Structure formats: C-alpha cells, structure tokens
Amino acid sequence: MEKVYWIKIHDQESSIIRAEKVRRLIERSGMLNGFESEDMVGIKLHFGEKENDTHIAPAWVRPVVEELKKRGAKPFLTDTCVLYRGQRHNAVDHLMLAYRHGFTVKNLGAPVLIADGLLGNNEREVAVAGELFQRVALASAALEANGLVVMSHVTGHISTGMGAAIKNLGMGFASRKGKLRQHSVMKPAVSPKKCTGCGVCIEWCPADAIRMDGDKAVIDEKKCIGCGECLTVCRFHAVKHDWRMNERELQQRMAEHALGVVKGREKKISYLNFLTSITKDCDCFGKKQDPVIPDIGILAGRDPVAMDMAGLDLIERLTGKQLEAYSYPDTHPRWQIEHAEKVGLGSCRYELVEVD
Ligand code: SF4
Ligand code: SF4
C-alpha cells in the first residue's frame, strides 16, 4: 500500500519553521530519492494570481531546490499559461508575477520556466488509455523534464471541488488546447434577473463570448469555450450552469490529462500537498481570501491519488466536515479521485505515516 507522509503545521508557525518541516518531510519520506545527477526536474507550482497571498511561499520551495541540487539535479520552477485574462495568461506576464511573488533565482537558486511557452501552445500530444481521451495535449517542458516535483496548495474549487495534486497535474500541465478540451463540457448562462450589467464578465471572458444586450450580459454558446471564468468573477451570482450534468465529466477529463503527465515515469515524480491556508476558492482568484479551515499540515508521497485522498480524509477527520462543506457543497472532489483510480493514475488506498 502506498505511504503518505504527514507533518503537522499549526496556524501560528513561522515560515522558517514551515520550511524546516518541508526539509524534514523530504528526508523522512525519501520522496526525492529517485532523482539523479543531471536530471532536469520541474518543480510544479502555482505562483498565485495577483493579490493572492495564500499560495505556497517561496521559502517552502527552497528546501526542495536545495535537496534536489544536493543530488546533482537541475531544478527549475514551472507552471503553464491559463485561459482567463489574469496575470498568468501569457509567459511574460506570468514570469513577472512569479518574480513579484518572490520566486526568483536570488531567493531560490532556480529559474522559472513557463512549461507551455509564450502563449500556451508549446505542447505535445500524448497517448493515454482513458475512457474519454486517447490523446491529451500537454505542456512540452513538463514532458521533456526528466522528473517532476508537484507542489500543490490544497483548496476548494468552484468547478472541480478541490485543487490539489490531480488538478495540478491534469489542468496545471495541460497546454491551452488541453485546458480547452477539459473545459468544453461547461456551458454557463446568465440569469437576467440577477445580472446588474456591471460588465466584469466581459473583461474576463477569454473567448469574447459575452456581450451586453441592453443592460444585461448574454453568453454566445457557440463562442463559449466553457472555461468557467464568468462564474468565478460574477459577484452577483448571475452566471449559472448545470453543475450536476457537467462537473463530474470535467473532473474526469482532468484526471485523464494527469495520466498523460505521469504515465511511464511514476518513479521520477513526487508530490507535496500543502493543507495550509485552505481557502474556498483556488489561488487563481485575483484577491486575498481568508482560510476556511485551520492549518492541517503538509503531505508527501509518490501517488497523486493517494495524496489527494489522504488530504480529503484528514480534513473530514479533523474538522468533522468534508471539504465541499467549506467551498461548494454540490461539487464533490471525490469524483476526480474515483476516476483517476479507475484509469490507473494511482490508488486511493494508502497508509498515513506521521512525521515528528
Ligand atoms: S459579471 Fe455578472 S452581473 Fe456583471 S455583467 Fe456579468 S453576469 Fe452580469
Ligand atoms: S462565457 Fe464561456 S468562455 Fe466566456 S468566461 Fe464564461 S465560460 Fe468562459
């Protein structure tokens, strides 16, 4: 049975103590032992959208960089372009954001490389034995790297229920085309009764699919790529979509993209999940968010399905409620875990090992 290592973190602990705990977790779990001299290793992160301050801090990444270097590996920090029009839409803005948030060579001793290139189309198609896909489109650098360390901030999520290791792999390493293929199951609509005509959704829509009809926003279904941005940015809850019909499939699509990243090199990929500053929404939100759950700790392991399952179990065990109760109650993250296990990404059976 796969082991998942857990070190506790408390709300008041300093960043220095947290960094030290990351180092201890690496040591005790042996999670980096598969990496060798000259391996180019991508450390997959989310640098946090503008104004977000609950993302994984650079200080907690430094021990990973240093431990990889001790093994003679060449680490780099990485992420991909996103669909929405925030600060991570193209590589230039994304790099500037990463630097502003402290992910610099000076601080960490490793460069940042946007894995799918300037515009998100530096990609490769990979064959997978999925139920929905036979091929998935992924960021080139993710596949060219000799290995990956996937560092995920665990949060709730409006359309996938949870952002953690499976999402960081499947959505986080999909090229723009891969992301569009995943999102194309969601088709939202605006409720004219609730729409105030503020126009914010129009600014954020990456497909120019929203226009004003009088003082109400209207979505053109033919242009809509289903990215879900209008759902997240509308403060008036005027944008809706049929959650039950589509969300499960979005999570399944994501899990099959994750399979494409991992397939055939399981021994060269390891994971750290941060159950710290757990927020209702993910770090793509361009605003500060208050945590909804006290800090639980950091998990380390080699199986993304076991990692995410252990995180959900810990939240439920320690707080008495499931993650979705704190974020979006109708959006169940276990859908992605069930499907990921079914297509062979990993196992949701694990042994939890507590590290002092
Ligand atoms: S953000 Fe919401 S309220 Fe504003 S125009 Fe769009 S749908 Fe209407
Ligand atoms: S209308 Fe469609 S493409 Fe535009 S933001 Fe909403 S979901 Fe995305």
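Heads up: these notes are all about the structure in this document.

So, how was this worked out
Numbering of residues begins from 1 in every chain and follows the order in which that chain's sequence is written. As they are written, the chains are lettered A onward and the ligands numbered 1 onward, keeping that order. pLDDT decides what is reported in this predicted model: residues at 70 or higher carry local features, side-chain atom pairs at 80 or more are listed and counted, and totals for whole chains, interfaces and linings draw on all residues regardless. For the purposes of this entry, the term helix denotes a DSSP run of H or I that reaches at least four residues, the term strand denotes a run of E that reaches at least two, and both are numbered from the N terminus. All radius of gyration figures rest on C-alpha atoms, and the globule criterion is 2.2 Å times the number of residues raised to 0.38. Our exposure labels follow a C-beta count within 10 Å of each residue's own C-beta, placed from the backbone: buried means 20 or more other C-beta atoms, exposed means 12 or fewer, and partly exposed covers the counts in between. Two residues qualify as being in contact provided that their C-beta atoms, derived from the backbone, are within 7 Å of each other. This arc is built from the directions going out from the helix axis to the C-beta atoms. Being near a molecule or strand means, for a residue, that its backbone-placed C-beta atom lies within 6 Å of it. In this classification, Asp, Glu, Lys and Arg are treated as charged, Ala, Val, Leu, Ile, Met, Phe, Trp, Tyr, Cys and Pro as nonpolar, and every other residue, Gly included, as polar.

**Quick notes on the overall build of the chain**
- Secondary structure assignment for the chain yields 13 helices and 16 strands.
- What you see for the chain is a C-alpha radius of gyration of 19 Å, in line with the 21 Å of a compact globule of 356 residues.
- C-alpha extents for the chain along the principal axes are approximately 60 × 45 × 40 Å.
- Of all 356 residues assigned to the chain, the portion counted as buried reaches 53%.
- Counted over contacts in the chain with a minimum sequence separation of 6, partners at least 24 positions apart contribute 77%.

**What about helix H3 (residues 91-100)?**
- Buried within H3 we find Ala-91, His-94, Leu-97 and Ala-98. The buried residues of H3 occupy an angular sector of 125 degrees when projected down its axis, which confines them to one face. Those residues of H3 that are exposed and angled more than 90 degrees off the buried face are Val-92 and Met-96.
- Contact partners of the buried residues in H3: strand S3 (74-79) and strand S4 (112-114).

**With respect to the site of ligand 2**
- Taken together, 14 residues form the shell around ligand 2, and within it Cys-205, Cys-224, Cys-227, Glu-229 and Cys-230 come nearest.
- Classifying every residue of the shell around ligand 2 gives eleven nonpolar, two polar and one charged.

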